[in-house]
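# Notes for the structure review
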Amino acid sequence: MDTYSKTYDVIVVGAGHAGCEAALAAARLGHLTLVVTVNVDHIGEMSCNPAIGGLAKGHLVREIDALGGEMAKNIDATGIQFRRLNTKKGPAVQSSRAQADKEQYRLRMKQVLESQENLDIKQGLVDALIVENGTVRGLITSIQQSFLGKAVILTTGTFLKGLIHIGLKNFPAGRMGDPPSNMLSDHLRALGLRIGRLKTGTTPRLDGRTIDFSRLTPQYGDEPPVPFSFETEAITRKQVPCYITYTNKKSHEIIKTGLDRSPLFTGVIQGVGARYCPSIEDKVVRFPDKPRHQIFLEPMGLGTTEIYPNGVPTSLPVDVQIRMLRSIEGLEQVEIVRPGYAIEYDYADPIQLKPSLECKAIRGLFFAGQINGTSGYEEAAGQGIMAGINAVRHVREEPPIILRRAQAYIGVMIDDLVTKGTQDPYRMFTSRAEYRLLLREDNADLRLRELGHQIGLVSDALYDKFREKRETLERLIALLSGVRLNPRPDVNRTLEGLGLGSINQPATLKDLLKRPGAELEDIAKLDSRVLFFNNEVTEQAAMLVKYDGYIRRQMQQVERVKHLEGTKIPEGFDYQAVPGLSNEVKEKLTRIRPISLGQASRISGITPVAVSIIQIYIKKLAG
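Summarised in this report is the structure supplied together with it. (Residues numbered from 1 in each chain as written. Predicted model: local features only at pLDDT ≥ 70, side-chain atom pairs only at ≥ 80, totals over all residues. Heavy atoms only, no water.)

### Section: the side chain of D127
You can see D127 is positioned in strand β7 (residues 126–132). Buried and unpaired, D127 has K161 as its nearest opposite-charge partner, separated by 11 Å. Excluding residues within four positions of it along the chain, D127 makes contact with I140, T141, S142, M183, L184 and H187. (Helix = DSSP H or I, 4+ residues; strand = E, 2+ residues; numbered from the N terminus. Buried < 20%, exposed > 50% of the residue type's maximum accessible area, 1.4 Å probe, protein only. Lys, Arg positive; Asp, Glu negative; His and termini not counted. Salt bridge = Lys/Arg side-chain N within 4 Å of Asp/Glu carboxyl O. Contact = heavy atoms within 4.5 Å.)

And the structure:
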């Protein structure tokens with residue numbers, strides 16, 4: 001066997017969205033890093049939809065950016081339509097989404113990795129890990145070349161025993177056009193890890209020249225486009241519309257005629273599919289009374305005619321796919337460039353991981369992305385940056401960085417995975433975050449920028465700019481709290497003229513801004529100093545003022561459970577020795593090995609009484 005001459009600090013297997021963020025984080029922290037990927041031309045590949053963000057996913061992207069990651073900057077540089085979602089709802093659930101120029105997104109991310117200091121890129125297929133005395137030491141490729149490293153991060157996406165299905169035809173692949181990794185998951189099983197099987201799917205890609213867009217409803221982006229990254233000043237790239245159409249009764253009838261050749265309904269597919277992103281055939285069967293399903297026709301780039309029909313992922317035979325699509329308004333003459341397909345792949349039960357994403361059984365081995373049972377670019381990237389950070393901290397023998405549920409959506413996601421596991425592809429939703437009013441998109445930098453700077457991923461210059469913004473926001477809040485109006489007749493006339501009503505006792509500008517319908521523009525007419533602040537600061541200040549009571553209430557909830565999160569459970573704690581716990585509780589706690597009472601309390605079936613018993617026992621051991 002040939003052993004490569006360099007010994008790396010961190011080796012990343014895979015260069016999808018998780019792998020890119022993991023590798024960049026490790027290299028930017030000054031550690032020699034290697035990326036091994038099946039095809040270097042597919043670094044940062046958008047295997048499914050050509051978009052970044054969406055409901056709750058936009059939060060993840062901004063958190064990655066606040067920590068010093070790359071995804072937000074990459075979509076800002078290559079996005080061709082930006083939209084804010086849920087703008088008529090509360091700030092907690094408002095999210096950003098952007099269509100990407102798929103090819104440019106990949107090329108830019110590849111260029112970022114190639115130009116990154118401390119980062120090497122190798123093309124290869126990983127067959128096995130080198131593990132000695134319970135510690136990972138490197139890996140072995142399919143051509144019997146070994147690379148040695150102090151930490152390894154697996155970000156294998158859908159490549160572990162990947163199997164593509166189109167109708168009753170199936171063939172091995174990591175994704176369309178790339179070979180699968182068939183040896184590595186067997187090797188992980190041999191190391192004692194629990195490996196499961198999942199399934200996801202993608203839509204056919206259409207030839208835009210064969211679509212009659214004149215019959216369809218255009219959907220334009222926001223003007224001006226709002227960037228994802230806190231560093232991006234403005235979006236200057238050309239923006240284009242998407243188009244909306246719908247399936248219909250005829251489409252559904254065609255789909256039903258093909259179910260006898262569907263791998264999903266004939267039992268050919270064994271993996272569990274995504275609950276929240278079902279195939280079009282699954283939607284038609286599960287919701288028989290629904291007359292139509294919406295389809296967004298999304299351009300895949302400025303330099304291509306390919307269109308992504310978001311809403312019709314399918315693994316039906318190609319002839320059924322064509323007939324179904326041609327039954328849809330505007331698509332009567334459509335041609336398929338690439339067929340839709342389903343893909344089955346292996347994943348590792350994330351309960352086997354610590355909250356740092358390090359494997360409990362093998363020191364120095366980290367997992368990130370779809371190998372942990374998640375679905376989505378953003379979920380993968382969020383895990384990737386944390387795995388990269390913690391792999392470096394493992395190498396440095398420093399304690400890991402673990403984001404709290406009240407600190408970040410990334411923290412919610414990782415805690416969900418390592419505490420509860422997942423039986424189907426995990427997707428982030430705002431409803432998963434119990435403190436979602438604290439975890440808004442707009443304040444991701446206020447929550448995480450300082451941490452990113454402390455870790456070493458945010459430069460001094462960027463941190464100084466952030467501090468200036470934070471201090472400016474504090475000054476505006478102080479101004480609104482400090483200016484007090486007295487209930488004089490002239491003051492009340494002015495207030496009523498602005499539609500703010502009258503006052504019968506002294507009131508601050510902050511008090512007035514809290515009133516229904518009040519806007520900061522109205523307050524500026526009462527004190528022109530408000531006009532001296534930029535839009536980003538004024539919008540955030542207005543939101544903080546209007547939701548002040550709700551935010552305080554959530555912060556109180558965080559404080560009430562803080563003692564549980566702060567009470568650490570000693571490593572190797574013997575639950576069998578704790579009197580008063582049921583055998584079921586002991587088994588679950590021994591299997592999951594929570595690091596704190598807070599994590600223990602979130603395990604299904606672990607009651608508050610059980611947590612109290614453990615807490616008392618820990619205190620007793622401490623003497």
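Now, onward.
### Considering the nonpolar core
Core analysis: the largest hydrophobic core is formed by 94 residues, its most contacted members being L154, F367, M386 and I410. Sort the elements by how many residues they give to this core and helix α9 (residues 377–396) lands first, with 10 residues. Excluding anything up to four places from it in sequence, M386 contacts L67, L357, I401, L403, I410 and I414. Membership of the second largest hydrophobic core comes to 25 residues, among which are L513, A518, A524 and V530. (Core = buried A, V, L, I, M, F, W, Y, C linked by side-chain atoms within 4.5 Å.)

### Here's the deal with the pattern of salt bridges
Note that side chains of opposite charge can pair when their charged atoms are close. One pass over the structure, following the stated rule, counts 52 salt bridges. Look at the salt bridges and you will find they share partners, linking R405, D415, D416, K420, E434, E565 and R602 into a network.

### Details of unusual backbone geometry
The omega torsion of the bond from E223 to P224 falls at 0°, within 30 degrees of zero and hence cis. Within the secondary structure layout, P224 lies in the loop between β14 (217–219) and β15 (242–246). A positive phi angle is found at A56, which is not glycine, with a value near 70°. Along the chain, the position of A56 falls in the loop between β3 (51–53) and α2 (57–67). The backbone of K161 shows a phi angle near 50°, a positive value even though the residue is not glycine. On the secondary structure map, K161 appears in the loop between β9 (145–154) and β10 (163–166).

### A few points about helix α4 (residues 102–114)
Between its first and last C-alpha atoms α4 spans 19 Å; for 13 residues at 1.5 Å apiece the expected length is 18 Å, and the two agree. If you check which residues of α4 are buried, you get K102, Y105, R106, M109, K110, V112 and L113. All buried residues of α4 lie within an arc of 160° about the axis, which places them on one face of the element. Buried residues in α4 make contact with α1 (17–28), β3, α3 (71–78), β5 (95–100) and β6 (119–123). (Expected span 1.5 Å × (residues − 1). Arc of directions from axis to C-beta.)

### Here's the deal with the sheet that holds β10
An order of β11-β10-β19-β12 is seen for the four strands of this open sheet, with the pairing classed as antiparallel. The outermost strands of the open sheet, each flanked by one partner alone, are β11 (169–172) and β12 (195–202). Geometrically, the sheet is characterised by an average inter-axis angle of 25° between neighbouring strands, direction not taken into account. Here β10 runs beside β11; their pairing, made up of four bridges, is antiparallel. The residue bridging L163 from the neighbouring strand is P172, located in β11. (Pairing = 2+ DSSP bridges. Axes fitted to C-alpha atoms, helices over the stretch in contact; angles between N-to-C directions.)

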